[in-house]
Structure formats: C-alpha cells, structure tokens
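Spelled out, the chains give:
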Amino acid sequence: MASTNLQFKTNYVVSSKIEPFYKGGKVQISKDEKYIFCTCGSRVNVLEVSSGKIVHCVEHDDQEDITSFALSCDDELLVTASRALLLKQWDWKQAQCTRSWRAIHTVPVASMTFDSTSTLLATGGCDGTIKIWDVVKQYCTHNLKGSSGVVHLVQFHPDISRLQLFSSSLDCGIRLWDLRSSKCVCVLQSHYSAVTALSFSPAGDTMVSSGRDKICTVWDLKTKKAKRTVPVYEAVEGVVLLPENEDFSEIGVKNNDLHFITAGSKGVLRVWEASTARCVYTQTLSSNLTAVSEEEEKKEEKDDDPRSLTYLLHLPDSSRLATVTAEHNIVLYQLPALSTQQQFVGYSDEVLDVKFLGKDDSHIVVATNSCQLKVFELLTNNCQILYGHTDTVLSLDVFKKGFLFASCAKDRSVRVWRMDSDSGQVTCVAHGSSHTNAVGSITCSRLKASFVVSGSQDCTVKVWDLPEDLSTTGADIHQLTTRATEKAHDKDVNSVAVSPNDKLLASGSQDRTAKLWSLTGEGTVGLLGVFRGHRRGVWAVCFSPVDQVLATSSADGTTKLWGLQDFSCLKTFEGHDASVLKVIFVSRGTQLLTSGSDGLVKLWTIKTNECVKTLDAHQDKVWGLHGSRKDDKMVTASADSNITVWLDVTEVELAEEQAKQEDQILKQQELSNLLHEKKYLKALGLAISLDQPHTVLTVIKAIRQVEGSHELLEKTLLKLRVDQKESLLRYCVVWNTNARNCQDAQAVLQVLLTHLPPEELLQYQGARAHLEGLIPYTERHMQRIGKLLQASMFLNFMWQKMRVAGAPSSMDQDEEMDTTPLAQPFFTIDKEKGTGSGDEEKQDGDDSGGERDCPGEEEEEDDDEVSVTKKASSNDRRVENGESTKTNGNHHSESEESSDEEEEETDPTVKETKCLPVSSAAQCQTILS
C-alpha cells in the first residue's frame, strides 16, 4: 500500500517560463553583443543572447509606458523616457535608478541616442525640439528648435570631433545640426516619406538613409549632396553598410564598392550595390517559408504583413545581423551567408495549445493566435517559426515517438510536420484539406504513425490516413486522404481523442455530449455510445492509459470520469470556478491534471476525489496542458501569453521531509545528551536554533534545578548571541502568560533586564511590543501571589487560635483558650518544617531574585491542609491518652511571642517576594518610557 501511495504526485514547481519581453518599440544591442535591450510597456527588458532568458528588468515606478530609451556606447548607462515626461538614468545591472530629471519637453520623448563618448545624450520630442544633455555634469547643453512635428530619429555623427547631429521629423528631411553654433547647417531633402534609418561609412564621409517611400539615398557629407538614389521597391525600415575589406562573395559582393543591406516590408534581407543601384543578393527563406499561396502574396503588399521587418541592427564584433519582425520576433543572422543563427519570440499573444516535442522532450511546439507555429528549444529559448497555415492555428497533437506532430487551423486544413532528430529542423511533410469550416481539434494515432483524426466546426469528424513513407524530397508535400467522414455532433466538435490501442475514438462537442466511436470498421466510423451528463459544452476528452475509462471536462466547471462499458458516470470532480478547458491523466492513470479558464491548474487523485494541489501561475485562460512522456514534467500555456514548464517535485519534497525529520531526531538526541552532560549553553543554543519554545523551557527548568542556579542561569544567558537573546525574549512573553511557567520566565527576564542596557534591549526586533505584553501578566501574577500570602498568614493565625479538641466543657466561655504548645516533639517537627520551608523559600528567593518565592495556589493550599491535618490528629491522640494541660499567663505570653516570631519570619519573605517581581515590571515600564 505504501508503494502505491508513493506513486501519487503531490506538487509541481515552475521549472522555466517563456514570457513576453518585447511588445514593439525600440530595440538596441549592447556593445559587447551579449545583451538585447527592448521595451515592453513600462519596462525595459534585458535579454541574454546566449541563454534567451531575461536577466535584468528596469521598470518605472509610476507604471507609465516607456516611449524611448538609449544605452551608452560603453554599456554603462541606460536612460529611459516615459509618458510622465521624466528622464531616468539607471544602473541597469542592479536595476537601480541613479538619477531622474524633468525632460523639459512639453510632450513625450520620441527618440534618444548617445554619442560615441557616452557623455552627450540627445532627445527628440514630439514637440519638434531636440535637447542635448551632458549626463556627466548633469545639465542641458543645447535646445535645438526648427523641426516640424515629431522628431522620430536622432543620431550623432560617429566622429565626435565634428560635433554634428542628424535628425529627422515629419517633414521627411534630414537636418544636420552643428553643435558648436547650435544651428541647423542644412536640410538633406530626398525622401517623400518618413526617414527610418541612417548608416555611416567608417571614414564618416558617406551616409546612407532609408525611408518608407521605398528608396535609399547615398549622401556625400562633404558636399552635403545626394550621390545616388536607389529604388528598393519596398518600405525600408533598416539599412546597414557592409564593412569594407571583408569577403562577402556569398551574398553577391564582387568588388570593393559601397554595398548596403536593407530590411523592410517584404520580410527578406537584400544586398545592394550603391554605385549601380542594383540588388546583388536576395535572402532565400527556408523551405517551409517558400510555400506561399497566392493569398499570402497579396497580403505581402499590405503594411501589416507579419513577415515584414521593423529594425535592422549590425553586430560588428561577431559579424552578425539582427532583425526585428512585425510579429515581435528577434532573429540573428550570421554573415556572410545570412544563415539563421537564433530566433527569439518577443510576444506570442494568446497561446492556444502547446505540446512536448523531440528527444527527451527537449522542445515544445506552440500554437499562438497567428498562422505560424513556433518550436522552442527549452534549453536556450531559441525558436523556429513554421509557416504553412494561412489562418490561426487552433490545435496540436504529437505522435508517440515525439518527432512527428499534426496541426489544424482556421484555414480548414490539417498539416503533419516532422522534426529532424539530428539538426532539430522542422518541415511540413503532409497536408490535407476537405473540411468546410475551421478545424478546432486534432489527435494522432497512438501505436504507430498511421492516421490522424480531426474534429471541425462543421460538426464532422474525419479520419486521415498517413502514407507509410513520410520523408519528403525537395518541396514535395504528401496529400492526405480521408478514410472516413462522420457527422458526429449537432454543434462544433471541440475535442477528439484516440484510445491507446487505436481502436476507439472519443469526441466532445458544444452540444454537451461526448461520444464513443469504433475505428475498426473499413471506411466508416461506428457510433458505440453517448455520454450525457454535462450541463454545458464539453471542452476536452481523454482516454485513461490503463483503464477502460474516459475523462471529459466541460464549461460547467466539472470533470467527469465515464465507464466505457455502460457509458455511466463514475466520478465527478468539482473545484474550478469556471470552464475546465483541458484534462490529462498522470501517474499511470491514477491522477488527473485539469486546467481552467480561471487560470488555475489542479491535480486530482481519482481514488479519493481529492484536489491534491492547485497551481496558480497564469492570469488568464489556460488553453494548453500536456505531460511529458516520462511523466516528470508538464507544460501549460495561457491566453496571458505565458508558457510555463512545471517539474514534478514529489520525490524531492519527500526526500527533503525525511531528511528534515532525521535531522530533527538527531538534534533532539544531541539535546538530550547535552542536558545529561550538563552542557547547558550548547543545549540552550541548539534548542533556540530548533525554534522550539517548549524545548528551550525544558533547558531553562533543568538549569534552575541545579545548585547555584541563579549564577549558572545568568552565566549561560549572557553568553548567548544577540539573535538568540531576541528569541528568548520572545519566548518569555509566551511563557509569562501561563502561571505554571511564569517563574521561569521571570527568572530569565530578571537576568536580561538586570544586565542588558535599555538601549540594547530596544534594538531587538519587536522588543517594545514584547515588553508591553509582559507588564499586565506580571502584575496579575503578583496579585495572585499576594492573595496566597494573605491566605497563609490567616492559616498561621488560625493554628495559634484554634480550640483544642476534647477540652473540658466546664471551661467558661469568656476564659481565654489555652494556646500552650501541645507537645514539644510535635511542635518541634512542625516548626522545623515551617522554618525549613521558609529557608528554602529564602534560598530560592536569593537564587532567582525573588521570582521563585511565589509557589502555585494548589501547592501552598496542599501544604497547609497537610499541616492542619497532622496537628488535628496529634490533638486527637493527646485527648485519647487522657493528657491534660493547664493554661496560665506565662504560657499565653510565650504563645504570643512564638506567634509573633513566626509572623516576623514570614514577613521578610512577603516583602522580598512582592518587591522583586514588581521591580521587573517597573524595569519594563522604565525601558518603554
């Protein structure tokens, strides 16, 4: 039974996350080419190129969107501008704002740049002005006016000795400013649309400008004239001059003339020869990008084509180029071949499905709210973007071996993709389209890659046969043929699933039912039964890997288990507050994982119907949920654009818990040994480190039972560290609330209050609150002890004034009672006992400073009762033996004197007991005041 319980999972933790880090705006790469800086709302995220992870994040406190930023050329300073018209200077490695100042601009800053010395910062505002700041001496050096409209481009000449600044605004001209005279030297007119980028030659005498008017212009900065206008037939967003004296023959560079690369709306990089205005090289995209339909070619002419490029950056040290696409993807290309090296997805929008892929689940394939599929390598976050579908991809499923997967989309088609096990490259190998509406769900055969099943919004289910050989040569893509088509439901088919033996098919629909079908018939799909019981549409169906059971999840917030024999509902799991979108089996079919539109993922144990764990890492609908083949990981994907990989930590937590228990047992044993060896200091330190107040109290009690306990307690407590004394003070507050432990608490408090100065005590965390909590309980204990002492004095009086049992009845009533001591032996014993106990009390009072002089009510009353009983029994014995006593004045006076002596013996104890604890409370009040 224990081994079975160990198989149950209890918890998952986040192993890694793929988050959105770029939502449009400026992108800049550090000088050392290790980091990419990009804007994401009110943040600037710093992406490490090698790992693909966000390593730093700079965020404005006011949550205002960042309109522009600039990184200095020495990679030290980062300056950001927000809509709040503030400029902030950051130590970006520590994510600390070192300085902020008003931008002076009356409207937000649109563009920023540093000069090559990292001392001058230029800001171009939407008000048509340009400010130049000395970031070292921290003042504004220039205020350049004259531009019309938004200044969207500012750039220093690379040769700082020239002190020249170039800018461009809505008038489409390029203004050249002389910073010595603060005047505009000239306006370079050539473009008829917004100028998007400037690139300078190494010597600094030639400049290339690009614009959205589909031309690039080569400028001679000596004459300030245009040398050549190059028509590029696309809106250009970025231009980079190729370095001289390097071999770029692979991309068509045959001579040493000026060549430049452009990036624009067509989504490809092109190399141009400036002298002849010819395109000498056009980038060819990978095979899965070449199969472009006529619809896509028409779409390319539009400005919102997802493949269009918005930025082009040069990384000279590593000879690479970086491009940013309209879909917020950052792609790194290696020169001179322009081969794709890395791809990062900045923003995925709504993630609709996700599946593990590849050997040992090293990759994940993601369907986002777009027509492209994205395959991420989990180790580096490097991404492949797969083109093929022409509308939003809705669902994915992976075959058993993990290298073959299928996708379906709103374009009414189904595609099968293969990942190369060596290179990791993914290509489309098969395609099928015969649905009449969007295909919303797809599932693959389980035993071998022989067929796929799709469910569509046209209410039908189709079974597609796969060719035996799926290897493709060139651009050939196999056409899928349908084995069977069946009108399965009255409304959209949301989910389909194939049983582990490939003989059964389950389908779930918006018509609130799930159905079971037989796949064994030739060319047909046979209905076996209907599962009825959900009150809303069924979102997901899944077969158990071991039992003849089907799981369904619904928009009614429930997950149900159904028997395949009689189609009855076996169990219902309720816990989600909204629709349950996905359900899968884990732990060999003994547990379920469900995800809902409430952003939660829940782990259920089927046997007990219990929700074992609720995982909360998403802010929106969790559309995607998939478990790894080894059952040790899972991945979730949400409409909040986050993809989370979870790791099963059940065994790790169990091992940690066992190790913790073993450690506790060892420490408890060590504590017992230390107490036995009377090594109280080590024992006390160990008990405090265990954070067990009761164990600490046990050690304190053990110390106080030793001879010379006061000095030993004082010596032990004063050797403790400050943090240990803090803990001890905190424990004392708790002990002091209980009459049984108050004496120990007061003993510890007396040592602390006597030997530690008030200033040190008040430095302790929460010391003021602790001391305030001690006062009322201490006063209550003093009142209780005072009442006990009064009661004991009354008993003393009663002993002396009590009538002797069996006295002669002829005694006059007015005659005084005989108070002569009854018998010398008895009196001596009783007095010794009283004296002894008084001495013990005094000794304890000396040891503990008076705190221990206050015994509990029950103890004192018990002692009194015993004494009275003994005395009464002695009197009885005296009467039985017929002994008689006579009273006279001398005896009476002796009795009074002995009574007075006893009272005098008692009084010092009373005074001492009442004084010392009250002085502790007074010390607390003095410290607090």
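Above this text you will find the structure in question.
First, a word on scope: everything that follows refers to the structure included in this document. (Residues numbered from 1 in each chain as written. Predicted model: local features only at pLDDT ≥ 70, side-chain atom pairs only at ≥ 80, totals over all residues. Heavy atoms only, no water.)

## So, the overall build of the protein chain
- When you go through the protein chain residue by residue, the secondary structure sums to 14 helices and 57 strands.
- A total of 929 residues make up the protein chain; the buried ones form 51% of that total.
- A fraction of 48% describes how many contacts in the protein chain between residues 6 or more apart in sequence connect residues 24 or more apart.
- Total accessible area on the protein chain is roughly 43,400 Å²; 48% of this is exposed by carbon and sulfur atoms. (Helix = DSSP H or I, 4+ residues; strand = E, 2+ residues; numbered from the N terminus. Buried < 20%, exposed > 50% of the residue type's maximum accessible area, 1.4 Å probe, protein only. Contact = heavy atoms within 4.5 Å. Areas by Shrake-Rupley, 256 points an atom, 1.4 Å probe, with all protein chains shown as cover.)

## What to know about the packing of aromatic side chains
- The final tally for this structure, using the stated rule, is ten aromatic pairs.
- A ring pair is formed by Trp539 and Trp623, whose centres lie 5.6 Å apart and whose planes are at 75°; its orientation type is edge-to-face. Of the two residues, Trp539 sits in strand S47 (residues 538–543) while Trp623 sits in strand S55 (residues 622–627), which places them 84 residues apart along the sequence.
- Taken together, Tyr35, Phe37 and Trp92 form an aromatic cluster joined through their ring pairs.
- Between the NZ or CZ atom of Arg99 and the centre of the ring of Trp101, over which it lies, the distance is 3.9 Å. (Phe/Tyr/Trp six-rings, centres within 6.5 Å; stacked < 30°, edge-to-face > 60°. Lys NZ or Arg CZ within 6 Å of the ring centre and 35° of its normal.)

## Observations regarding the sheet that holds strand S38 (residues 439–444)
- Read across the sheet, four strands follow the order S38-S39-S40-S42 without closing on themselves; strand pairing throughout is antiparallel. Because the sheet does not close on itself, it has two edges, and the strands there are S38 and strand S42 (481–487). Shown here is a sheet whose adjacent strand axes are inclined to one another by a mean of 20°, direction ignored.
- Taken together, the five bridges between strand S39 (residues 451–456) and strand S40 (residues 460–465) define a ladder with antiparallel strand orientation. Looking across to S40, one finds that Val452 is bridged to Trp464. (Pairing = 2+ DSSP bridges. Axes fitted to C-alpha atoms, helices over the stretch in contact; angles between N-to-C directions.)

## Digging into unusual backbone geometry
- In this chain, Leu335 is followed by Pro336 through a cis amide linkage whose omega measures 5°.
- Counting through the fold element by element, Pro336 comes out in the loop between strand S28 (329–334) and strand S29 (339–345).
- The phi angle at Glu33 is positive, at roughly 65°, despite the residue not being glycine.
- With respect to the helices and strands, Glu33 occurs in the loop between strand S2 (27–29) and strand S3 (35–40).
- The phi dihedral of Asn609 is positive, around 60°, even though this residue is not glycine.

## Examining the packing of helix H5 (residues 680–689) against helix H7 (residues 709–718)
- Look at H5 against H7: their axes get within 9 Å of each other, and the N-to-C directions meet at 50°. When the axes of H5 and H7 are compared, the pair comes out oblique. Both H5 and H7 take part in a crossing whose hand is right-handed. Contacts from Tyr680, Leu681 and Leu684 of H5 reach H7 at Leu712, Thr716 and Leu717.
- Of the residues contributing to the contact of H5 with H7, the split by class is five nonpolar, one polar and no charged. (Parallel < 35°, antiparallel > 145°, perpendicular 65-115°, else oblique. Left-handed = near helix turned anticlockwise from the far one by under 90°. Nonpolar A, V, L, I, M, F, W, Y, C, P; charged D, E, K, R; others polar.)

## Focus on the nonpolar core
- In this structure, Leu684, Val696, Ile700, Leu717, Leu728 and Trp735 are the most contacted members of the largest nonpolar core, which totals 35 residues.
- Looking at this core, the elements that each hand over two or more residues are helix H4 (650–676), H5, helix H6 (693–704), H7, helix H8 (722–735), helix H9 (742–755) and helix H11 (767–801).
- Of the residues forming this core, the biggest block, seven residues, is contributed by H9.
- Among all residues touching Val696, those that are not within four sequence positions of it are Leu684, Ala687, Ile688, Leu728, Tyr731 and Trp735.
- Ile261, Leu312, Val331 and Leu335 belong to the second largest nonpolar core, which has 17 residues in total. (Core = buried A, V, L, I, M, F, W, Y, C linked by side-chain atoms within 4.5 Å.)

## Considering the environment of Ser370
- Looking at the secondary structure, you find Ser370 in the loop between strand S31 (363–368) and strand S32 (373–377).
- Sequence separation of Ser370 and Ala409 is 39 residues, and the distance between their C-alpha atoms is 9.6 Å.

## Describing the sheet that holds strand S44 (residues 504–509)
- Taken in spatial order, the four strands make up an open sheet running S43-S44-S45-S46, and their pairing is antiparallel. Every interior strand has two partners, whereas the edge strands, strand S43 (493–498) and strand S46 (526–532), have only one. Taking each pair of neighbouring strands and ignoring which way they run, the sheet shows an average axis angle of 20°.
- Two strands pair when backbone bridges link them, and strand S45 (residues 513–518) and S46 are joined in this way by six bridges, in the antiparallel orientation.

## Structural notes on a negative patch on the surface
- A cluster of acidic residues, Glu59, Asp61, Asp62, Glu64 and Asp65, forms a negative patch at the surface.
- Position of Asp62 among the secondary structure elements: in the loop between strand S5 (54–59) and strand S6 (66–71).
- Taking the relative accessible area as the measure of exposure, Asp62 reaches 35% and is therefore partly exposed. (Patch = residues over 30% accessible without salt bridge, like charges linked within 9 Å, V, L, I, M, F, W, Y side chains within 5 Å. Salt bridge = Lys/Arg side-chain N within 4 Å of Asp/Glu carboxyl O. Lys, Arg positive; Asp, Glu negative; His and termini not counted. Charge placed at Lys NZ, Arg CZ, Asp CG, Glu CD.)

## As for the state of the cysteines
- Under the criterion given, the structure shown has zero disulfides.
- With no disulfide partner, Cys40 has as its closest neighbouring cysteine sulfur the one in Cys38, 7.7 Å distant. (Disulfide = S-S within 2.5 Å.)

## Focus on the environment of Ala506
- For Ala506, the location among the structural elements is in strand S44.
- Accessibility expressed as a relative area gives 0% for Ala506, which makes it buried.
- Setting aside anything within four residues of it in sequence, one finds Ala506 in contact with Ser495, Val496, Ala497, Lys515, Val541, Phe543 and Leu550.

## Here we look at the pattern of salt bridges
- Within the structure shown, the criterion is met by 22 salt bridges.
- Here Asp361 makes a salt bridge to Arg629, at a shortest N to O gap of 3.3 Å. Residue Asp361 is found in the loop between strand S30 (351–357) and S31, and its partner Arg629 is found in the loop between S55 and strand S56 (633–638); the two are separated by 268 residues along the sequence.
- Look at Asp361 and you get buried, because its relative accessible area is 3%.
- The partner of Asp663 in a salt bridge is Lys667, with the nearest N and O atoms 3.6 Å apart. Of this pair, Asp663 and Lys667 both sit in helix H4, four residues apart, roughly one helical turn.
- In this structure Asp663 comes out as partly exposed when scored by relative accessible area, which is 36%.
- Linked through salt bridges whose partners overlap, the residues forming this network are Asp159, Arg162, Asp205 and Lys222.

## Describing the packing of H4 against H5
- Taken N-terminus to C-terminus, the directions of H4 and H5 make an angle of 155°; their axes are 8 Å apart at the nearest point. Classified by the interaxial angle, the pair formed by H4 and H5 is roughly antiparallel. Once H4 is placed against H5, the crossing between them reads as left-handed. Facing Lys667, Glu670, Leu671, Leu674 and Leu675 of H4, the residues of H5 in contact are Tyr680, Lys682, Ala683, Leu686 and Ala687.
- Here the residues of the contact of H4 with H5 are counted per class, giving seven nonpolar, no polar and three charged.

The values are spatial; any link to function lies outside them.
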